[in-house]
Amino acid sequence: FKVHVVGDLEIGGCVEDAEIDVEGNVLIKKGFIGRGKGLIKTTGNLTVKYVHGQNIMCGGNVVAGGEIMHSHVRASGNVIANSRKGVIMGGRIEAECNVETTTLGSTSYTPTEVTVGIDFKLLDRLKEINEELKKVKENQDKVKKALYNISVLKTKMKGQLSAEQQTLMERLQETSRYYPKYQSELEQEA
């Protein structure tokens, strides 16, 4: 089930494995539960009674009246589960500001990852740069192999390449000079 709302959204019951995209605030009077296929994406705040096994991307604060369990929550503000029944257990919580809870983790050693004070836009850009650097390295290796192969061919043909082969060799040489500069720019930005 998918919902897109411009404005605020109030849900009187539970949400199960749905995709909700809201340009405003979200209020869920009961819980957000499922098997990790659901996503609530909001530009504003999210208030929910409890979250079990779901994904949340929030432009403001996430306030849970009870527990946040085995979920991935990313908030540009705070993540708050500090009521009497407030528990954050399992999953991954990421907040640009604060995480407040009554109980964090569990005595059964359920992996609970909490990250606070990180700029997600910068983190996402860093991830993009690292992926691009990986592609650059792979492409550099391909260009080197292609240049080697065409050089071997040129030697076998005693320096007489066809016009297409000569053009290909020039393009490969130009590309091999471009990649180190591009790689350096990416590394400086990282």
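Residues numbered from 1 in each chain as written. Predicted model: local features only at pLDDT ≥ 70, side-chain atom pairs only at ≥ 80, totals over all residues. Heavy atoms only, no water.

**Structural notes on the overall build of the protein**
Part 1 of the reasoning: Across its full length, the protein holds two helices and 15 strands.
Part 2 of the reasoning: A globule of 190 residues ought to have a C-alpha radius of gyration of about 16 Å, yet the protein, at 25 Å, is considerably larger.
Part 3 of the reasoning: Along the longest, intermediate and shortest principal axes, the C-alpha atoms of the protein span 80 × 35 × 25 Å.
Part 4 of the reasoning: Looking at the protein alone, contacts between residues at least 24 apart form 13% of all its contacts between residues at least 6 apart.
Part 5 of the reasoning: Taking the average location of the 26 positive side-chain charges in the protein and that of its 25 negative ones, the two points are 7 Å from each other. (Helix = DSSP H or I, 4+ residues; strand = E, 2+ residues; numbered from the N terminus. Rg over C-alpha atoms; globule rule 2.2 N^0.38 Å. Contact = heavy atoms within 4.5 Å. Lys, Arg positive; Asp, Glu negative; His and termini not counted. Charge placed at Lys NZ, Arg CZ, Asp CG, Glu CD.)

**Describing unusual backbone geometry**
Part 1 of the reasoning: Positive phi values are uncommon outside glycine, yet His70 reaches one of about 50°.
Part 2 of the reasoning: Given the relative accessible area of 46%, His70 is considered partly exposed.
Part 3 of the reasoning: With a phi angle near 60°, Tyr109 is a residue other than glycine that sits in the positive phi range.
Part 4 of the reasoning: Following the sequence through the fold, Tyr109 ends up in the loop between strand 14 (103-104) and strand 15 (112-116). (Buried < 20%, exposed > 50% of the residue type's maximum accessible area, 1.4 Å probe, protein only.)

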